[in-house]
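# Residue-level structure breakdown
Each chain, letter by letter, is given below.
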Amino acid sequence: MDKVHSHGILATMEDAVLFETIVKSVPVGIAIVGVDNKVAMANQAWLDLFQCSQEEMIGRTSLDITHPEDRDITVQAASGLRSGSLDSIRLEKRYLRCNGTHFWADMSASVIKEIDGQAQAVMVIIQDITGRKILETELEEQAGTKAIILNSLSDNVVLHDAQLGVIWANQATQASLPYDPEAVPGAPCHELWRNRETPCPGCPVQEAIETGEYRQAEMEGQDGRIWLVKGFPALD
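Please read all numbers here as calculations on a predicted model, not as lab measurements.

## Let's talk about the nonpolar core
If you look at the biggest cluster of nonpolar residues, it comprises 23 residues, and the most contacted ones within it are Trp46, Phe50, Met57, Tyr95, Met107, Val124 and Ile126. Those elements that place two or more of their residues in this core are strand S1 (29-34), strand S2 (39-42), helix H3 (44-50), strand S3 (88-96), strand S4 (102-113) and strand S5 (119-128). Ranked by residue count, the leading element in this core is S4, at five residues. Apart from residues lying up to four places away in sequence, Met57 is in contact with Val39, Ala42, Trp46, Leu47, Phe50, Cys52 and Ile65. Val23, Ile30, Met41 and Ile112 belong to the second-largest nonpolar core, a separate cluster that totals seven residues.

## A closer look at the layout of surface pockets
Put simply, the largest pocket is a space of about 1300 Å³. In this structure, the largest pocket is lined by 34 residues; those nearest its centre are Val158, His160, Val205, Val229 and Lys230. Looking at the lining of the largest pocket, the elements with two or more residues in it are strand S6 (158-160), helix H8 (189-194), helix H9 (204-211), strand S8 (215-220) and strand S9 (226-231). Residue contributions to the lining of the largest pocket peak at five residues, all from S9. Residue composition of the lining of the largest pocket, grouped by class: 21 nonpolar, eight polar and five charged. One number sums up the size of the second largest pocket: a volume of about 490 Å³.

## Comments concerning the pairing of S3
Sheet topology note: the S3/S4 ladder contains nine bridges and is antiparallel. For Arg94, the partnering residue across the bridge sits in S4 and is Trp104.

## So, the pattern of salt bridges
Counted under the stated rule, the structure contains 10 salt bridges. Across the salt bridge formed by Glu136 and Lys133, the nearest N and O atoms sit 3.8 Å from each other. In this pair, Glu136 and Lys133 both sit in helix H6 (residues 130-151), three residues apart, roughly one turn of the helix.

## A short note on the side chain of Thr130
Here Thr130 is to be found in helix H6. A polar contact is formed between the side chain of Thr130 and the backbone nitrogen of Trp104, at a distance of 3.0 Å. In contact with Thr130, not counting residues within four places along its chain, are Phe103 and Trp104.

## Things to note about the environment of Asp161
In this fold, Asp161 is placed in the loop between S6 and strand S7 (166-169). Using a relative accessible area of 25% as the deciding quantity, one classes Asp161 as partly exposed. Residues Asp161 and Gly186, 25 residues apart in the sequence, show an inter-C-alpha distance of 8.0 Å. Once residues lying within four places of it in the same chain are set aside, the contact partners of Asp161 are Ile167 and Ile209. In this structure the side chain of Asp161 is engaged in a polar contact, spanning 2.9 Å, whose partner is the backbone nitrogen of Gln163.

## Remarks on the packing of aromatic side chains
For any pair of aromatic rings, the description consists of the separation of the ring centres together with the inter-plane angle of the planes. Following the criterion strictly, the structure yields six aromatic pairs and no others. Ring centres 5.4 Å apart and planes at 80° place the aromatic pair Phe50 and Tyr95 in the edge-to-face group. Taken as a pair, Phe50 in helix H3 and Tyr95 in strand S3 lie far apart in primary sequence, 45 residues in all. Each member of the pair, Phe50 as well as Tyr95, is classed as buried. Look at Phe50 and Phe103: their rings are 5.2 Å apart centre to centre, the planes differ by 75°, and that puts the pair in the edge-to-face class. Linking Phe50 in helix H3 with Phe103 in strand S4, this pair joins segments that are 53 residues apart in sequence. Taken as a pair, Phe50 and Phe103 share a single burial class, namely buried. An aromatic cluster is present here, built from Trp46, Phe50, Tyr95 and Phe103 joined pairwise through their rings.

Rules behind the numbers
- Residues numbered from 1 in each chain as written.
- Predicted model: local features only at pLDDT ≥ 70, side-chain atom pairs only at ≥ 80, totals over all residues.
- Heavy atoms only, no water.
- Core = buried A, V, L, I, M, F, W, Y, C linked by side-chain atoms within 4.5 Å.
- Buried < 20%, exposed > 50% of the residue type's maximum accessible area, 1.4 Å probe, protein only.
- Helix = DSSP H or I, 4+ residues; strand = E, 2+ residues; numbered from the N terminus.
- Contact = heavy atoms within 4.5 Å.
- 1 Å grid on protein atoms, 1.4 Å probe; cavity = no way out; pocket = protein on both sides within 12 Å on 5 of 7 lines; lining within 4 Å.
- Points joined across faces, edges and corners; volume = space filled by probe spheres on them.
- Nonpolar A, V, L, I, M, F, W, Y, C, P; charged D, E, K, R; others polar.
- Pairing = 2+ DSSP bridges.
- Salt bridge = Lys/Arg side-chain N within 4 Å of Asp/Glu carboxyl O.
- Polar contact = N/O pair within 3.5 Å; in protein donor to acceptor, adjacent residues only side chain to side chain.
- Phe/Tyr/Trp six-rings, centres within 6.5 Å; stacked < 30°, edge-to-face > 60°.

Dropping the structure here:
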């Protein structure tokens, strides 16, 4: 810890001991990166995330431990710290473990300054968010698959919010209108299809939202055609 507190940021030995105790005990990864952009110290949680020893970690640059695809965004984000225009930054990025595998982390970095205001080092804190990122990817893939299926149907399929606003519409629905309903985000269905300011009388979609149960009814469109409209509540 001498490299961290010898320049006066931690003015007393008690301060230094307290700081080291806190850093070692917290469950998130913490590292001190010097002005040379090299890791000067890392706590055990940090080393566990990277699956390497203190000796293997010390001296590595921030780019050494960053996934190649995320190095550009790291440099861009850190430029404000280097220039002094920012005191802290935060971003989500991928890091490289010592064994070559990678993990996602929520990273925040703050400048440690000398008493005279000069930057002495940077404290970097990371939390593993790999599980969340995997889930987000799976949900995006599922959403894409569902969109393909729904767009293949010849029936109109529309997702509404609780105020009857159109959130999403499949391709068949878009083809039934002179414009894309998604181009008017949140516009209610009665306005889009019937040019009405209020919900259509007997609207099965509104009834499904209010009751939480399936409803259906025959509804007349603006062009005089009769549509069998079915409302399926999407429940939590």
